[in-house]
Amino acid sequence: MNQNRDYGRWIDRRQSGSFTARSLHMDWPLLLGLLILSSVGLVVLYSSGGQDMDLIWRQCIRLGIAFGLMFMIAQIPPHHIERWAPWIFGAGVLMLIAVLAVGTVGKGAQRWLDLGFFRFQPSEIMKLAVPMMIAWYLADNTLPPSRRAIVVTALIIAVPVGLIVKQPDLGTSLLIAMSGIFALLLAGISGRLVGGLSILAAACAPLVWFFGMHDYQRQRVLTFLNPESDPLGSGYHIIQSKIAIGSGGLYGKGWLNGTQSQLEFLPERSTDFIFAVFAEEFGFFGILVLLTIYLYIIARGLYIAAQAQDTFTRLLAGSLTLTFFVYLVVNIGMVSGMLPVVGLPLPLVSYGGTSMVTLMAAFGMLMSIQTHRKLIASG
Amino acid sequence: MYSRIAIKDQIREGQLFSSRAIIALICIILALLTIIGRMVYLQILSHEHYTTLSQNNRVSIQPIAPTRGLILDRNGVVLAQNLPTYTLEVIAERVKDMDQTITELGQIIDISGDDIKRFRKQLKHKRRFQPVPLRLRLSEEEVARLAVNRHRFPGIEIAARLMRDYPQTNLAVHSVGYVSRISEKELDQIDPSNYAATSHIGKLGIEKAYEQQLHGTVGFQKVETNVLGRTLRVLQRTPPIPGQNITLTLDTELQRTAKQALAGNTGAVIAIDTNNGEILVMASTGDYDPNLFVNGIGHKSYDELRTSRAKPLFNRALQGQYPPGSTVKPFIGLAGLEDGTITPSTSLFCRGWHTIKSDERKYRDWKKEGHGHTNLEKSIVESCDVFYYDLAQTMGIDRIHEFLSPFGFGQKTGIDISGEASGILPSTEWKRRVRGKPWYLGETLIAGIGQGYTLTTPLQLAKATAILANRGRSIQPHLFMQASLPDSEPFEYQTDRKGEIIAKAKPSNWEETIKAMENVIYGRHGTARRLNRGQPYRIAGKTGTAQVFGIKQDEEYVEEDVDKHLRDHALFVSFAPSDKPQIAVAVIVENGGHGGSVAAPIAGAVIDQYLGGRQ
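As the structure is a computational prediction, the values presented were derived from the model and not from experiment. (Residues numbered from 1 in each chain as written. Chains lettered and ligands numbered in written order. Predicted model: local features only at pLDDT ≥ 70, side-chain atom pairs only at ≥ 80, totals over all residues.)

A few words now on the overall build of chain B. Counting its secondary structure elements, chain B contains 23 helices and 21 strands. Taken over 615 residues, chain B has a buried fraction of 41%. Contacts spanning at least 24 positions in sequence make up 74% of the contacts within chain B whose residues lie at least 6 apart. (Helix = DSSP H or I, 4+ residues; strand = E, 2+ residues; numbered from the N terminus. Buried ≥ 20, exposed ≤ 12 C-beta atoms within 10 Å, placed from the backbone. Contact = placed C-beta atoms within 7 Å.)

A separate point is the pairing of strand β11 (residues 266–273) of chain B. Residues and elements named next belong to chain B. The buried fraction of β11 amounts to 8 of the 8 residues, a majority that puts the element mostly inside the structure. Burial along β11 is two-sided: Thr-266, Ala-268, Ile-270 and Ile-272 facing one way and Gly-267, Val-269, Ala-271 and Asp-273 facing the other are all buried. Note that β11 and strand β21 (residues 583–590) share 8 bridges and pair antiparallel. In the strand pairing of β21, Ala-268 is matched with Ile-588. With 5 bridges joining them, β11 and strand β12 (residues 279–284) adopt antiparallel strand pairing. Residue pairing for β12: Ala-271 is matched across the bridge by Val-281. Hairpin remark: β11 followed by β12, antiparallel, with 5 residues in the connecting loop; positive phi at Gly-277, about 80°. (Pairing = 2+ DSSP bridges.)

Turning our attention to the sheet that holds β11(B). All names here are of chain B. Across the sheet, 5 strands lie side by side as β12-β11-β21-β20-β19; this open sheet has antiparallel pairing. The open sheet has two free edges, formed respectively by β12 and β19 (540–546), since each of these has just one partner strand. For this sheet, the mean inter-axis angle between neighbouring strands, taken without regard to orientation, is 10°. Across 7 bridges, the pairing between strand β20 (residues 569–576) and β21 is antiparallel. (Axes fitted to C-alpha atoms, helices over the stretch in contact; angles between N-to-C directions.)

Turning to the environment of Val159(A), a few remarks are in order. Residue and element names in this part refer to chain A. The residue Val-159 is located in helix α6 (residues 147–166) in this model. Looking at Val-159, the number of C-beta atoms within 10 Å reads 18, which means it is partly exposed. For the pair Val-159 and Leu-96, spaced 63 residues apart in sequence, the C-alpha to C-alpha distance is 9.9 Å.

Residues and elements named next belong to chain B. Read from one edge of the open sheet, 3 strands run β1-β8-β9, paired in antiparallel fashion. Both outer strands of the open sheet, β1 (59–64) and β9 (231–238), are each paired with one neighbouring strand and no more. In this sheet, neighbouring strand axes are inclined to one another by 30° on average, regardless of whether the strands run parallel or antiparallel. The pairing of β1 with strand β8 (residues 219–225) spans 6 bridges and is antiparallel. By the bridge assignment, Ser-60 is partnered in β8 with Val-223.

The next subject is the confidence of the model for chain A. Averaged over chain A, the pLDDT score is 83; the fraction of residues at 70 or greater is 84%. Low pLDDT, under 50, characterises residues 1–19 of chain A; the stretch is placed with 7 contacts to residues that sit more than four places away or in other chains. (pLDDT = per-residue confidence, 0-100.)

The subject of this paragraph is unusual backbone geometry. Following Ala576(B), the chain continues into Pro577(B) via a peptide bond in cis, with omega recorded as -15°. Along the chain, Pro577(B) falls in the loop between β20 and β21. Phi at Gln51(A) is positive, roughly 55°, even though this residue is not glycine. Turning to its location among the elements, Gln51(A) is positioned in the loop between α2 (28–48) and α3 (53–75). A positive phi is found at Glu268(A), a non-glycine position, where the angle reads about 50°. When the 19 C-beta atoms within 10 Å are taken as the criterion, Glu268(A) is described as partly exposed.

Another point: the interface of chain A and chain B. On the chain B side, the residues contacting the 41 residues of chain A number 32 residues. Of all the elements in the fold, those that place two or more residues in the side of chain A that touches chain B are α7 (170–186), α10 (235–248), α11 (259–262), α12 (274–307) and α13 (311–335) of chain A. Among the residues forming the side of chain A that touches chain B, the class breakdown is 24 nonpolar, 12 polar and 5 charged. (Nonpolar A, V, L, I, M, F, W, Y, C, P; charged D, E, K, R; others polar.)

Attention shifts here to the packing of α13(A) against helix α14 (residues 354–371) of chain A. Residues and elements named next belong to chain A. Two numbers describe how α13 lies on α14: the axes approach to 10 Å, and their chain directions differ by 145°. The handedness of the crossing between α13 and α14 is left-handed. Of α14, the residues touching α13 (which contributes Thr-313, Leu-316, Ala-317, Leu-320 and Phe-324) are Leu-359, Ala-362, Met-365, Leu-366 and Ile-369. (Left-handed = near helix turned anticlockwise from the far one by under 90°.)

Before going further, it helps to examine the pairing of β21(B). Taken across its 8 residues, β21(B) has 8 buried, putting it largely inside the fold. As consecutive antiparallel partners, β20(B) and β21(B) are separated by 6 residues.

Residue and element names in this part refer to chain B. Within the element layout of this structure, Pro-406 appears in the loop between α18 (397–404) and α19 (428–435). Residue Pro-406 is classed as partly exposed on the basis of its 18 C-beta neighbours within 10 Å. Along the primary structure Pro-406 and Gly-472 are separated by 66 residues, whereas in three dimensions their C-alpha atoms are 8.6 Å apart. In contact with Pro-406, other than residues within four places in its own chain, are Ile-502 and Ala-503.

See the structure below:
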């Protein structure tokens, strides 16, 4: 601590123009974890994509963009982020409404907003905007939050979640709801209230089943409960994925030697089901190593949150980290047949752009929070 | 903003957050442990189960068809073989523009509209990487033209496949038979795994009878396939065991001689090696090209074969049943001698007809004026009918039946291909059983000259003649000589009915009968004296003329007045050399007229070639 403080002062003295480690606003332990993880991702992708170097290059370009964005966001001091939070949130909600009105339909759901030169999913922005908004709102209140604060927070969560459910995109809405709930939990909401809300949610489940879900979503849940009921249809993904994981065994079949993935029995093997490729080729011990890398990144994120100096940064860092964790658990849970297939990627490993960019933006905020700490204190 | 933060209890909020963060971390670790638990279950506890599923996913077993055995004649002449035929195949995924490719291919080789139609139909049912045949049975010239232009057509392949081929075409079709596509009915009878890669099966003749030996044993290869079923590599291979080559007892050259001698007539020739029952010739006119059947014969061609007057699909040698006519006389004469009813010197005066007391009907001799004094030898040499009317009347039908049965009359010979007819050797018991009527004496009389109910197949006649030539020693007619695989001991024909004396008679009675049969050829009045051409060996034989339609009591049979297809059948049975027999020949020429003039020369040609070639 003390050493850090001294180091900070040293930075303060030389803050003008000196191109040093500290002035890059990078959290080196976190950056190391992210680099290792994305390298592992490229190795697995090379195998799952049939050794297609074009695929690897495209993924590298995405990673470059994502790391670049992370670097830029890390330069923004947290109080700027705090100040922009309600505006970003408001803009995000408007865009979600716009998506429902004029959005582009892809894969049976309206998720994209086409601005002519640029197509993007406003729901991705909400993954960041909702924790930011809640952290901004609760930062002005005393904690633990009052009942009134809880109700307002619930509204902040419910509006975008409701709009995204409408698209429909169950996976993202679930993730956003979770990020908001994490912020509330970290803010110190009472355990009893959490229990009560859980029961209420469970009671609402049948209503959601009958009125809130599309046929294909219901089918996914049914398939999850009994994948063998439809082995050639929607159960096929889960069956093949379990075969891939199970046949990997302790040591795996070796890199590039997974028969399930190399012979293309495993669907979506470069995107949502890439974990099964990893499990087949690197086995149980490989999974232990991979989970250790994730745990390291999450632990570092929580450490940054715990070290943060005000409520906004604490809540934001905490809920972003936990959201990252939810990605991990939901993806592995779905690939290994513990959760229904909701279509979330394995963070930083799966091929694909949008969620990676969002995730790295979140890590940029974590780095900003960590590296601007001393400046705020001394300012 | 700063002042508001100041009001808050920063330290307490920090502590609250930290405790929640620790709870979160614990929850995270628990969740990770749950995931690890799931992995332990999938990857360690259920590892074998999922390994099996994964193997089943990728490994498939493909059968490999064995090569069908050849069929050869006794001298090694190929009767059935496997020839590569070339098929033009197209792999859709490698073809850029299918329509253009087909059009351009059509400029190089002949592609019919039917070919294209069938190709398009099959294309829909195959994966894009699987070859689909566009043109079958390419000629060598077409293969060469395609090979030269190959570079212009990515995705085309010329596949060679073995196809059954019968180089002698129709020569021995009735014994060799043919193969054709496996039918639904046959699918139920064959071992599905052994025939997993086989498309054709023996339908007739030797091809059917020795299907098991000819087919061989299927081989297998384990191959790795991807999700689309594309074969990536062979993991393990068990080669097929080819079918055995089968050598037949047939002599192609002799068969050809018989066919040429038969040419222009309808009929059948059977020649048997009297020592062992090997069938040297089995010729039936009205034949066809078995190659037509290999790839499925068209309806039109098949109808033509089926409805043709010449009945080409009908194997007369095996399936044709004819009255033996006078060819039965040596057997009945021998029966009389052995029975004691007559002696070689017993003489009868033939005045041209015979009557029985109960009947006013005249049983005529073929020679209107009669043969005069006739003993056994004369009765055979000149084929006197009256002698046999009398002999049969004295012996009675049942004793004739009893004596003739061991020669195989009225029974299937047990030849090793199917379809054989059994013929009829009548008896009182037979008539009661089959016709439900009593036997009449008149029927005995005409049975004595091989007419009436008596029916034989040419094969039966040949077998009976061979037993006579062997002085009672039986033989088993057969076509199979040996089966062999390269590098292994051949499997020879075996039968448990070899060399048994089944027709018993005193040696002198055999010799009397056979001497008479020699004089059919060498006697001055012999009905087949035209065969006497000074051969270094002696032939014994008997002519026969079998009535196709009955003439009224007072009418005369005038050959020229009768429609060709109602004329008498001409028959001839013979063996040679008469003292040490080697070959027995039976000939029938449908509606041929007289045995001596039509049938005997055919047998003579076969015997001359067989024995002449040996000396």
